[in-house]
Amino acid sequence: GGYRDRGDRGGGGGGGGSWQRGQAPPPRQDRGGRGGRGGGGRGRGGRNNYNDYDDDIFMGPVKPIVKSENAWVPCKDNSAIAKIEKQVKSLLNKITKEKFDRLSTQMCEIPIQSYEQLTLIIKLVYEKAIGEPAFSDMYANLCYRLSQVAKKSAFVKIIETDEDPHAEPGEAPRSSADGSVAYRWSNNVSTTDAEVFGPYESVDACLDVAMSEDNGGDDHKPRGDVELTLVRLVIRRGIFVKVMHSASDDKYYTVFFSSSEAEAAGQQMSSEIFTSEIEAQNHAAKMNTFKRSLLNKCEDEFNKQDIYTDWKVEKKEHDKTKASLSEKERNQKEEDLEFRRMKIKKQMLGNIKFIGELYKLGMLKVKIMRFCIQSLLKLESTDDGGLRSIAGEDGQMDEEDHEALCNLFSTIGKTIDTAKEQMYMRVYFNKIENLSNDTSISTRPRFMYKDLIEMRDKGWQERRKKETAKTIAEIRKEAEREERQQQAESRGGGGRGRGGYDGGRGGRGGRGGYDRDNRGRGGYDGGRGGRGGRGGYDRDNYRDGGRGGRGGYDNNRGPSTSRAPPPPVPNKIMQAPAKTGKVFDDEKLKKRAKSMLKEWEEQKDEKELILSMEETLGTPDAGKKIMQEYSQIIIDAKASEVAAMKSMLVVLYKKKLLTSKDVKAGMDDIIEFIDGSACDQPKIYEYVGGLFCAFANVNAYTIEDLCEVTAKVFDEKAKVLTINGCMNGIGDEFGPGAAQNCFAGSAKETELLKKLLGEQKLNELKSTNKYFK
């Protein structure tokens, strides 16, 4: 017998032995070698021959397991964060104004499952916006779209707890004496933990394991590819328990840990404990909004201007010691300082620009702008609520402060300069006026201030238009516009559009100009009529220089009487509009129709709309085809797009670029098959009513036209709904009197509607329509 010495208890494979269960092992006198699962040592034991030990060595039962300080806690899985970061960076690297709608939609579709993911997205967008100031408006629009999607904070979860909500601040959480339920909230509850306990048959089984004395023992295992959904969150007796369900095996899994170790486990929880679930939800919604997170980021970035202070300190130190450095070391240090200065400046100006764009979209409140402006102008509040300049060295403005302030006002001036803000604006611009005349600062910022004052005096109209990011379509539009202008200027008689002094037409099919030298055709002198053009005005003989004719007054030759004037051109021909646009194929014409609508919705630029439409007039039936294309677009359109379509088409009709036949073709296409379209567009009757109102108001479409095409609708109910929608369209725009006058103002309208619907259905319709009751 006896205890084997250390050399005999090696690590490999255990001995057989005849030790029986229920007997306690003898106390170990020394530490074994590092063995495997068998043999001696400290491994999870091999089987030594415990019969060799004497009974008097037995020391009694083994002590119960005590939880050690380094017990297992769940490991946070960061794979979701890494995945979102990669996805967002990829989209931001591709985004342009041309691709904005598509890529911003993709970014809005990224599921945000925690507050950490939300702040990561804001951080990445913010960094991109600062690095690309020319696209600040685009990134601000992206933030606006994201804020609409993230409004509900779906990642916020409510936790039931038995803690006492009335515990003193700073006191360790304790269970409520009466067993009542209180609530906390968390914004980063994950279901992708690396290790979990389970599977179990029920939620209660999960809670029992979490509350057991051994805390589940070593039952935890890697989650693997199992997808879990959250079922319940509770805190009981100081243990945070998360219960999840797997649809694949219909089992339950859990993760739990001491609530005091939540931070170590990567689990966020509200510090406040609430007595009601509604109170917890309201507080969570307030603290986890996109706008609040964005505001925090703006504040952090704006306060980073202090890094310029650190740079100045380092620059002063360098100036003191540069004499002791070699020329190479000095140049290298100065290059490094200049590079860092430019980087800091770019970051600061980009941040100011982006903050301004966010304010213009209503993402930031005006008090945030006041804080930024007053920080840059070095102003502080007085006891009576006024503002004054900060005294001493702290009140000195840097070169970058001047430029940042001017950039900020250039961005937000038109938006912030309102009647409510005049008290502040007077103080701001009084100081700006003084700075513009302060010879102690350099010339560049002084003239920037003078430009800013001038801009404000002119209603915030910039002297020169700033270049901004453009879509490919906008670039092409500008190129086409410049090309048209060059072509017009190169025609005979010079000048774009209608001719000069005499208003005659000259040049090869062009319009006459002012020709003092008698070289132009159909200009001031009324010389040779241009080929296909009209001769000039003869002040003495009152003649038109026709094709090849010599009518008119020639300053060098005197009156010309060698040939009789040609007969006058018939009025009908003279007044016919010339269609000089391009010839578009059907596909290009559809694209032009869509781009016209999109540009009108965004810019409402009437001049650009007319130019775009005029370019299509060389295409046979261009107006009809464009109206028919809009009849297809309306099926998938939003209310804002239909509103833009109405106003745009009315402008084109008033400018005689659309005819009543074109309008009728488009409206007939929509209405004839309206019963089928209603399946895809529930608002189709409302949209048709709005279009009818717009066209009827300018006499482009009549009740007779409406009844004629509605008679072709197959479904009887759809006929009634169509007329009802048109009644509502008139009533919504002009009131009940206009609706009644339009649809029952005379016997003619009444007879048309009776013929269409029948007297009984017409009376029923009038009795139910809100404008005929």
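Here the structure is a predicted model, which is why all the values come from computation and not from measurement.

1. Focus on the overall build of the chain
For step 1, the next point in the chain: A tally of helices and strands in the chain yields 27 helices and 11 strands.
For step 2, the next point in the chain: When each of the 773 residues of the chain is scored for burial, the buried share is 40%.
For step 3, the next point in the chain: Taking all contacts inside the chain whose residues are at least 6 apart in sequence as the whole, residues at least 24 apart take part in 64%.
For step 4, the next point in the chain: Per element, the accessible surface of the chain, about 45200 Å² overall, is 48% carbon and sulfur.

2. Description of the packing of aromatic side chains
For step 1, the next point in the chain: All told, the structure shown has 11 aromatic pairs when counted by the stated rule.
For step 2, the next point in the chain: Members of the aromatic cluster, connected to one another through ring pairs, are Phe 409, Tyr 424, Tyr 428, Phe 429 and Trp 460.

3. Brief notes about helix 4 (residues 136–149)
For step 1, the next point in the chain: For helix 4, built from 14 residues, the straight-helix expectation of 20 Å at 1.5 Å per residue is met to within 8% by its first-to-last C-alpha distance of 20 Å.
For step 2, the next point in the chain: Three or more residues of helix 4 are buried, namely Ser 136, Met 138, Tyr 139, Ala 140, Leu 142, Cys 143, Leu 146 and Ser 147.
For step 3, the next point in the chain: Of the surrounding elements, those touching the buried residues of helix 4 are helix 1 (79–94), helix 2 (100–108), helix 3 (115–131), helix 7 (290–303) and helix 9 (327–360).

4. Looking at the confidence of the model for the chain
For step 1, the next point in the chain: Within the chain, residue pLDDT values average 77, and 74% of them lie at 70 or more.
For step 2, the next point in the chain: Per-element mean pLDDT across the chain ranges from 37 in helix 15 (residues 571–575) up to 93 in strand 6 (residues 239–246).
For step 3, the next point in the chain: Every residue in residues 492–579 is under pLDDT 50, and counting partners more than four places away or in other chains gives 128 contacts.

5. Some remarks on the sheet that holds strand 2 (residues 182–186)
For step 1, the next point in the chain: If you walk across this open sheet you meet the seven strands as 2-1-5-6-7-3-4, and the pairing is mixed. At either margin of the open sheet sits one strand with a lone partner, and together these are strand 2 and strand 4 (220–222). This sheet shows a mean twist of 35° between the axes of neighbouring strands, independent of strand direction.
For step 2, the next point in the chain: With two bridges joining them, strand 1 (residues 157–161) and strand 5 (residues 228–236) adopt parallel strand pairing. Considered in strand 5, the bridge of Thr 161 is made with Ile 235.
For step 3, the next point in the chain: Along the sheet face, helix 5 (residues 203–211) touches strand 3 (195–200), strand 5, strand 6 and strand 7 (251–258) and points at about 145° away from the line of strand 6.
For step 4, the next point in the chain: Running over the sheet, helix 6 (residues 277–287) touches strand 1 and strand 2 and is turned about 20° from strand 2.

6. Concerning the pattern of salt bridges
For step 1, the next point in the chain: Within this structure, the stated rule accounts for 34 salt bridges.
For step 2, the next point in the chain: A salt bridge links Glu 454 to Lys 458; the shortest N-O distance between them is 3.1 Å.
For step 3, the next point in the chain: Between Lys 719 and Glu 716 there is a salt bridge whose closest N-O contact spans 3.2 Å. Taken together, the positions of Lys 719 and Glu 716, both in helix 24 (residues 716–734) and three residues apart, correspond to about one turn of that helix.
For step 4, the next point in the chain: Assessed through its relative accessible area of 8%, Lys 719 is described here as buried.
For step 5, the next point in the chain: Judged by its relative accessible area of 37%, Glu 716 falls in the partly exposed class.
For step 6, the next point in the chain: Counted as one network, the salt bridges with shared partners bring together Glu 314, Lys 333, Asp 336 and Arg 340.

7. Some thoughts on helix 7
For step 1, the next point in the chain: The first and last C-alpha atoms of helix 7 sit 20 Å apart over 14 residues, in line with the 20 Å expected at 1.5 Å per residue.
For step 2, the next point in the chain: The set of residues buried in helix 7 consists of Phe 290, Ser 293, Leu 294, Lys 297, Cys 298, Glu 301 and Phe 302. The buried residues of helix 7 occupy one face: seen down the axis, they fall within an arc of 170°.

8. Thoughts on the nonpolar core
For step 1, the next point in the chain: With 77 residues, the main nonpolar core has Phe 409 and Tyr 428 as its most contacted residues.
For step 2, the next point in the chain: Sorting elements by how many residues they give to this core places helix 3 first, with 10 residues.
For step 3, the next point in the chain: Setting aside residues no more than four positions away along its own chain, Tyr 428 makes contact with Arg 370, Ile 373, Gln 374, Leu 377, Leu 379, Leu 387 and Phe 409.
For step 4, the next point in the chain: One finds Ile 634, Met 648, Phe 695 and Leu 757 within the second-largest nonpolar core, a separate group that totals 66 residues.

9. Re the pairing of strand 7
For step 1, the next point in the chain: Along strand 7, seven of the eight residues are buried, which leaves the element largely enclosed by surrounding structure.
For step 2, the next point in the chain: Bridge analysis of strand 3 against strand 7 gives two bridges, and the strand direction is antiparallel. By the bridge assignment, Phe 197 is partnered in strand 7 with Thr 254.
For step 3, the next point in the chain: Here strand 6 folds back onto strand 7, and the loop between the two strands holds four residues, one of which, Asp 250, carries a positive phi near 55°.

10. Quick word on the environment of Ala 285
For step 1, the next point in the chain: With respect to the helices, strands and loops of the structure, Ala 285 is situated in helix 6.
For step 2, the next point in the chain: Taking C-alpha positions, Ala 285 is 9.9 Å from Trp 185, a pair spaced 100 residues apart along the chain.

11. Section: a positive patch on the surface
For step 1, the next point in the chain: Taken together, Arg 476, Lys 582, Lys 588, Lys 590, Lys 591 and Lys 594 make up a surface patch of like positive charges.
For step 2, the next point in the chain: The greatest single-element share of the positive patch, amounting to four residues, is contributed by helix 16 (residues 586–603).
For step 3, the next point in the chain: Relative to the helices and strands, Lys 594 is located in helix 16.

12. Re a negative patch on the surface
For step 1, the next point in the chain: On the surface, Glu 213, Asp 214, Asp 218 and Asp 219 cluster together into a patch of negative charge.
For step 2, the next point in the chain: Secondary-structure assignment places Asp 214 in the loop between helix 5 and strand 4.
For step 3, the next point in the chain: With a relative accessible area of 51%, Asp 214 lands in the exposed category.

13. Observations regarding the pairing of strand 3
For step 1, the next point in the chain: Two strands pair when backbone bridges link them, and strand 3 and strand 4 are joined in this way by three bridges, in the antiparallel orientation. Each bridged residue has a counterpart across the sheet, and for Phe 197 the counterpart in strand 4 is His 220.

14. Some remarks on the state of the cysteines
For step 1, the next point in the chain: Within this structure, the stated rule accounts for zero disulfides.
For step 2, the next point in the chain: There is no disulfide at Cys 143, and the cysteine sulfur nearest it, in Cys 298, is 8.1 Å away.
For step 3, the next point in the chain: Exposure remark for Cys 143: the relative accessible area of 2% places this residue in the buried category.
For step 4, the next point in the chain: Residue Cys 742 stays outside any disulfide, its sulfur separated by 8.4 Å from that of Cys 693, the closest cysteine.
For step 5, the next point in the chain: Classification of Cys 742 by relative accessible area gives buried; the value is 18%.

Parameters at a glance
Residues numbered from 1 in each chain as written. Predicted model: local features only at pLDDT ≥ 70, side-chain atom pairs only at ≥ 80, totals over all residues. Heavy atoms only, no water. Helix = DSSP H or I, 4+ residues; strand = E, 2+ residues; numbered from the N terminus. Buried < 20%, exposed > 50% of the residue type's maximum accessible area, 1.4 Å probe, protein only. Contact = heavy atoms within 4.5 Å. Areas by Shrake-Rupley, 256 points an atom, 1.4 Å probe, with all protein chains shown as cover. Phe/Tyr/Trp six-rings, centres within 6.5 Å; stacked < 30°, edge-to-face > 60°. Expected span 1.5 Å × (residues − 1). pLDDT = per-residue confidence, 0-100. Pairing = 2+ DSSP bridges. Axes fitted to C-alpha atoms, helices over the stretch in contact; angles between N-to-C directions. Salt bridge = Lys/Arg side-chain N within 4 Å of Asp/Glu carboxyl O. Arc of directions from axis to C-beta. Core = buried A, V, L, I, M, F, W, Y, C linked by side-chain atoms within 4.5 Å. Patch = residues over 30% accessible without salt bridge, like charges linked within 9 Å, V, L, I, M, F, W, Y side chains within 5 Å. Lys, Arg positive; Asp, Glu negative; His and termini not counted. Charge placed at Lys NZ, Arg CZ, Asp CG, Glu CD. Disulfide = S-S within 2.5 Å.

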